[in-house]
Amino acid sequence: MLDETTKNLLIVEVNKLLPENSENKLISAMRYILLAPAKHIRSFLVVASSRVFNAEAKKVISVAAAIEFVHAYSLIHDDLPCMDNSDTRRSQLSCHKKFDEATAVLAGDALLTLAFEVLSSLNEKRCEIIKVLSQAIGIRGMVGGQALDINSEHIDFSPQPSVIQVADTGIQKALPTSISCKKPCDSGAKHEMDSSVSYLHDTLSTLKLQHSYGCMYDAGMTSGQADKIKEIHLMKTAKLFAASCEIGAIIGGATDKQRKALYNYGINLGLIFQAKDDIEDYEQDKTNNLMSVLGKSEVEDYIDGLFKQGLDNLSALSGDTNYLYDLLNQVKKDG
């Protein structure tokens, strides 16, 4: 996703922050995942979002590298036998297969720690940036999403009236089996994710009744399972996409309104990314996969709704959004 010039800047920054040392097994393991062929979407989002406000890539590249460290840590830990138990990553052996399990755990730990060391060294807005990132990757974000993913593998989603607790907001939503919303509800009510800055950064998710999101409530088994899968997508992936966008906005000196637009763009982009991934991976992995409960046409309708919202988010910005627009189109097309 990064253009060659920015990608080269990122590689130079990685080499500066984590120089090669073939005699150090831990450093070799960290660099093994970092320098493997990758799309670098999250790093791209930091750079592209800051570009909306005319910030140069050189100004944000260390932050983009820190985000890449966080993502690499998550991949290493996700692949472990106690998690997803994956033997390959980025067209090569996963870290614990190339090295060993203990080294992989420590490499992930070290990458996460290094990310915050880098961010703590920023001259400006470091506390704000660290807060946004922390909220996206902790219990209310990526790590919490991984826990949901693991635990959901054993949940019985048989048709029955259910109540879902929405994070720590204290709000409960009843989902009776008689409701069927495969198309927009008659009332026009759909559900929009809204968070960031002073508006809900401290919650897992908040579903607002608005005509904009795509109804999550299908009858019986489909309703509860689809909702849970979308919550996993939100927490494991979309929140870090959104934080990357918001961090770029912070560096660029955006207003709260502009930060919110970019954050919500990142949410929509991340949800599209995961939904496309579910379509592509369905034959190999049906666990916590939207295709298992909604079918391809319904998932594609869901993606279309998210795409339209992403366009609306970008239309609220007056700066150069061409890179973000191109990425939105590319992810919708190719995942």
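Quantities reported herein were computed from a predicted structural model and do not represent experimental measurements.

A. Representation of the overall build of the protein chain in the model. Tallying secondary structure elements over the protein chain gives twelve helices and six strands in all. Relative to its 335 residues, the protein chain shows a buried fraction of 53%. Within the structure as shown, the protein chain displays about 15000 Å² of accessible surface, and the carbon and sulfur contribution to it stands at 49%.

B. Helix 7 (residues 126–137), seen in detail. Between the first and last C-alpha of helix 7 there are 17 Å, a value that for twelve residues agrees with the 16 Å anticipated at 1.5 Å per step. Three or more residues of helix 7 are buried, namely I129, V132, L133, Q135, A136 and I137.

C. Seen up close, the environment of G310. With respect to the helices and strands, G310 occurs in helix 11 (residues 296–315). Taking the C-alpha atoms as reference points, G310 and L262, 48 residues apart in sequence, are found 9.0 Å from one another. The contact partners of G310, leaving out residues within four places of it in the chain, are Y265, N268 and L328.

D. Spotlight on the environment of E280. On the secondary structure map, E280 appears in helix 10 (residues 256–281). Separated by 54 residues in the primary sequence, E280 and D334 place their C-alpha atoms 9.5 Å from one another. The residues contacting E280, other than those within four sequence positions of it, are D334 and G335.

E. How the structure looks around the packing of aromatic side chains. In this structure the tally under the stated criterion is three aromatic pairs. When the ring of Y32 is compared with that of F99, the centres are 5.6 Å apart and the planes differ by 80 degrees; the resulting orientation is edge-to-face. Placement of the pair is Y32 in helix 2 (residues 25–34) and F99 in the loop between helix 5 (95–98) and helix 6 (101–120), with a sequence separation of 67 residues. Residue Y32 is classed as buried on the basis of its relative accessible area, which comes to 17%.

Rules behind the numbers
Residues numbered from 1 in each chain as written. Predicted model: local features only at pLDDT ≥ 70, side-chain atom pairs only at ≥ 80, totals over all residues. Heavy atoms only, no water. Helix = DSSP H or I, 4+ residues; strand = E, 2+ residues; numbered from the N terminus. Buried < 20%, exposed > 50% of the residue type's maximum accessible area, 1.4 Å probe, protein only. Areas by Shrake-Rupley, 256 points an atom, 1.4 Å probe, with all protein chains shown as cover. Expected span 1.5 Å × (residues − 1). Contact = heavy atoms within 4.5 Å. Phe/Tyr/Trp six-rings, centres within 6.5 Å; stacked < 30°, edge-to-face > 60°.

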